[in-house]
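Structural overview for review
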Amino acid sequence: MTNNKFKILLVEDETNIQNFVAALLETSGYQVIRAESCMTAQTLYSSYLPDLVILDLGLPDKDGMVFLEYVRKNSLTPILVLSARSMERDKVAALDNGANDYVTKPFSAAELLARVRSLLRISRFTAHEDRGLDGRFSIDELLIDYDARQVFIKGEEIKLTQTEFNIVAFLAENAGKMMTYSAIIKAVWGGCAQEGSIKKLQVNMANIRKKFGATPGTVNYITNELGVGYRMNS
Ligand code: CA
């Protein structure tokens, strides 16, 4: 039985949080491997090859970013950063260095589990399926036809500009992941994230959200985290 469970490496030095998160994950049927330091995390990572890593950035021996870079050197294992750091630049740095998502303490149990499920779903998806095969992406009532460069919601075409389509297509290709401003700008305009281009991106996003009919209380396909980036929800 145990062998069928997803293995999650939990790197966290605060005992209370470690126990809380481990209990939460175990109750949800995951196998949890615990590490309190960057050193232990590296050793356990190589011997267990977990399906997902939950990583605290403030570790006693080294910065969690060191472990993040260690994992990213030769693996795409999803990494969820869990940290008290609420500074936007720390989130951006973690995401730009290969973290897949970010949860800031204090977080709710439901929020953490939702992120974990989402990241495990993505990794299974990319490992076993090629979603680009038929040139389409769909989520709920949103459908993207890459070949025709068309977007539909509830079967009705949403008229997007070329730039708006490129942004939506890029976010959909990375559905479930928080994409930083600079990652989106690089993919869409090929430049670096300067003030002007972030503004340009935000203007385009505002138009996209308007066209998507994003209103409170309805399904929002794209989440905006101010100062960090955007995520197409999976
Ligand atoms: Ca810590």
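Residues numbered from 1 in each chain as written. Predicted model: local features only at pLDDT ≥ 70, side-chain atom pairs only at ≥ 80, totals over all residues. Heavy atoms only, no water.

1. Section: helix 6 (residues 162–173)
Spanning 12 residues, helix 6 covers 16 Å between terminal C-alpha atoms, matching the ideal 16 Å at 1.5 Å per step. Every buried residue belonging to helix 6 is among Glu-164, Phe-165, Ile-167, Val-168, Ala-169, Phe-170, Leu-171 and Ala-172, and all of these are buried. (Helix = DSSP H or I, 4+ residues; strand = E, 2+ residues; numbered from the N terminus. Expected span 1.5 Å × (residues − 1). Buried < 20%, exposed > 50% of the residue type's maximum accessible area, 1.4 Å probe, protein only.)

2. Considering the nonpolar core
Residues Val-151, Leu-171, Ile-184, Phe-212, Ile-222 and Met-232 are the most contacted members of the largest nonpolar core, which totals 30 residues. Residue assignment for this core shows that the elements contributing at least two residues are strand 6 (136–139), strand 7 (142–145), strand 8 (150–153), helix 6, helix 7 (181–188), helix 8 (195–211) and strand 12 (229–232). Tallying contributions element by element places helix 6 first for this core, with 7 residues. Leave out the neighbours within four places in its chain, and Val-151 touches Leu-142, Leu-143, Ile-144, Glu-156, Glu-157, Ile-158, Leu-160, Phe-165, Val-168 and Phe-212. Formed by 21 residues, the second largest nonpolar core is a distinct cluster that contains Ile-33, Leu-57, Phe-67 and Ala-99. (Core = buried A, V, L, I, M, F, W, Y, C linked by side-chain atoms within 4.5 Å. Contact = heavy atoms within 4.5 Å.)

3. A short note on the sheet that holds strand 10 (residues 178–180)
Strands sit in the order 10-12-11 across an open sheet of 3 strands; the sheet is antiparallel. Where the open sheet ends on each side, the last strands, each with one partner, are strand 10 and strand 11 (222–225). Along the sheet, successive strands turn relative to each other by an average axial angle of 25°, direction set aside. Note that strand 11 and strand 12 share 4 bridges and pair antiparallel. The residue of strand 12 that forms the bridge with Ile-222 is Met-232. Sheet contacts for helix 7: strand 10, strand 11 and strand 12; angle to strand 10, the most-contacted strand, approximately 75°. (Pairing = 2+ DSSP bridges. Axes fitted to C-alpha atoms, helices over the stretch in contact; angles between N-to-C directions.)

4. Regarding the coordination of the calcium ion
Coordination of the calcium ion by the protein is provided by Asp-13 (OD), Asp-56 (OD) and Gly-58 (O), with metal-donor distances spanning 2.2 to 2.3 Å. Mapped onto the sequence, the residues coordinating the calcium ion show the spacing D-x42-D-x1-G. One end of the pair, Asp-13, is in the loop between strand 1 (7–11) and helix 1 (15–27); the other, Gly-58, is in the loop between strand 3 (52–56) and helix 3 (64–72), and 45 residues separate them in sequence. Among the residues examined, Asp-13 registers a relative accessible area of 28% and is labelled partly exposed. (Donors = N, O, S within 2.8 Å, 3.2 Å for Na, K, Ca; no water.)

5. Here we look at the pattern of salt bridges
Overall, the coordinates contain 8 salt bridges when judged by the stated rule. The shortest N-O distance in the salt bridge between Lys-105 and Asp-56 comes to 3.4 Å. Here Lys-105 is found in the loop between strand 5 (101–104) and helix 5 (109–128), whereas its partner Asp-56 is found in strand 3, with 49 residues between them in sequence. For the pair formed by Lys-105 and Asp-56, the shared burial category is buried. Here Arg-231 makes a salt bridge to Asp-101, at a shortest N to O gap of 3.1 Å. Linking Arg-231 in strand 12 with Asp-101 in strand 5, this pair joins segments that are 130 residues apart in sequence. Comparing Arg-231 with Asp-101 shows no difference in burial state: the two are buried. (Salt bridge = Lys/Arg side-chain N within 4 Å of Asp/Glu carboxyl O.)

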